[in-house]
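What follows is each chain in one-letter form.
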Amino acid sequence: MTRRPAYDIAPGVWRIPIAADDAINAFAFVADDGQVSLMDAGLPYAGKKIDAGLKYLGSDTSEVTQILVTHAHNDHVGGVARVAKASGAPVISHIDDANWIRLGQTPPIDARIKLRPLLRRWGKFPAVDVAETFTDGALLDIAGGIRAVHTPGHTPGHTSYLHEPSGVLITGDAVHFWRGRIRIGIKFWCNDIALNELSAQRFAELDYDGVAFTHGPEIRSEGKAAMLKFLASRR
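Colleague: How would you sum up the overall build of the protein chain? Please name residues and give values.
Modeller: Along the backbone of the protein chain there are seven helices and 14 strands. For 235 residues, the compact-globule estimate of 2.2 N^0.38 gives 18 Å, and the C-alpha radius of gyration of the protein chain, at 16 Å, lies within 12% of that figure. The principal-axis extents of the C-alpha atoms in the protein chain amount to approximately 45 × 40 × 40 Å. Taken across its 235 residues, the protein chain has 56% of its residues classed as buried. Surface accessibility of the protein chain: about 10,400 Å² in total, with carbon and sulfur atoms responsible for 53%. Side chains of the protein chain give 26 positive and 26 negative charges; the mean places of these two sets differ by 10 Å.

Colleague: Go over helix 3 (residues 80-87), please, and point to the residues and values.
Modeller: Taken as a whole, helix 3 has its buried residues at Val-80, Ala-81, Val-83, Ala-84 and Ser-87. Viewed along the axis of helix 3, the buried residues span an arc of 165°, placing them on a single side of the element. Elements that come into contact with the buried residues of helix 3 comprise strand 4 (36-39), helix 1 (47-56), strand 5 (64-68), helix 2 (74-77) and strand 6 (91-94). Phi turns positive, to about 75°, at Gly-88, one or two residues after helix 3.

Colleague: Explain unusual backbone geometry residue by residue, including any values.
Modeller: One non-glycine residue, Asp-21, lies in positive phi territory at about 60°. Tracing the sequence through the fold places Asp-21 in the loop between strand 2 (13-17) and strand 3 (25-30). Even without glycine at this site, Asp-40 takes up a positive phi of about 65°. Residue placement: Asp-40 occurs in the loop between strand 4 and helix 1. You can call Asp-40 buried: its relative accessible area is 1%.

Colleague: Pulling in residues and values, what's your account of the nonpolar core?
Modeller: Ile-16, Ile-50, Ile-67, Val-80 and Val-91 are the most contacted members of the largest nonpolar core, which has 31 residues in total. Listing elements by their share of this core, those giving two or more residues are strand 2, strand 3, strand 4, helix 1, strand 5, helix 3 and helix 4 (95-103). At four residues, the largest contribution of residues to this core is made by helix 3. With near-sequence residues (within four places) excluded, Ile-50 lies in contact with Ile-16, Ile-18, Ala-26, Leu-38, Ala-41, Thr-61 and Val-83.

Colleague: For the side chain of His-150, give the residues involved together with the corresponding values.
Modeller: One can find His-150 in strand 9 (residues 146-150). The residues touching His-150, leaving out its near neighbours within four places in the chain, are His-94, Asp-96, Asp-136, Pro-156, Gly-157, His-158, Thr-159 and Arg-202.

Colleague: Which residues make up the pattern of salt bridges, and what values go with them?
Modeller: Counted by the stated rule, this structure contains twelve salt bridges. We note a salt bridge from Arg-15 to Glu-218, for which the minimum N-O separation is 2.5 Å. On the criterion of sequence distance, the pair formed by Arg-15 in strand 2 and Glu-218 in the loop between strand 14 (210-212) and helix 7 (223-234) is long-range, its members being 203 residues apart. Taking relative accessible area as the criterion, Glu-218 reaches 14% and is therefore assigned buried.

Colleague: How would you summarise the pairing of strand 1 (residues 7-10) if you had to cite specific residues and measurements?
Modeller: Pairing between strand 1 and strand 2: three bridges, direction antiparallel. Looking across to strand 2, one finds that Ala-10 is bridged to Val-13.

Here is what the cut-offs are and how they apply
Residues numbered from 1 in each chain as written. Predicted model: local features only at pLDDT ≥ 70, side-chain atom pairs only at ≥ 80, totals over all residues. Heavy atoms only, no water. Helix = DSSP H or I, 4+ residues; strand = E, 2+ residues; numbered from the N terminus. Rg over C-alpha atoms; globule rule 2.2 N^0.38 Å. Buried < 20%, exposed > 50% of the residue type's maximum accessible area, 1.4 Å probe, protein only. Areas by Shrake-Rupley, 256 points an atom, 1.4 Å probe, with all protein chains shown as cover. Lys, Arg positive; Asp, Glu negative; His and termini not counted. Charge placed at Lys NZ, Arg CZ, Asp CG, Glu CD. Arc of directions from axis to C-beta. Contact = heavy atoms within 4.5 Å. Core = buried A, V, L, I, M, F, W, Y, C linked by side-chain atoms within 4.5 Å. Salt bridge = Lys/Arg side-chain N within 4 Å of Asp/Glu carboxyl O. Pairing = 2+ DSSP bridges.

Honestly, it's all geometry; don't read function into it.
As structure tokens, then:
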């Protein structure tokens, strides 16, 4: 069965699958005035997937107005430089990951991970300027309002986002949804494994219904109930 290049998961919110089986996702937000913003852009070779996804929802890579990132790992910001060059759109990130994005480098990995030097070398990505930064709780003027929820641990500046108009939470890599189960983010890549666990508990405090994941398909309704059940199992 032919897969669609983008999926509308809520009004104004689209998921763009970058890899097979929804293994990596980017997201597009369409404002009432038609402006399109992008969240993450996949690996460096994912450009055609981004192009096809934006075309499917009636836009183009050159028309992207803002690029928001979840964190400084190559499967999320690897394609950002290409989109930024094509569109001239500013790149926006949490202040604690901004310099890593500017350097094109993965932040330090937890000392308990033995292969961390190799992983950091493998995880390099095209450097890109970060034009704007924010801190926890910022309400970003994107598609009616996206709330920044700082969830460090996977990286120092890892951020999840709540699109307030639609009630969709985008978790980034704090948690994944794989093979029908919510799972904690991959420890292999964490900057601080214990902090990632603690940060995920913030999802119990927020008001949302749908949940979208940068790794895995979305949960379109009753997502908070599913998340609360998962979080209770991790305490």
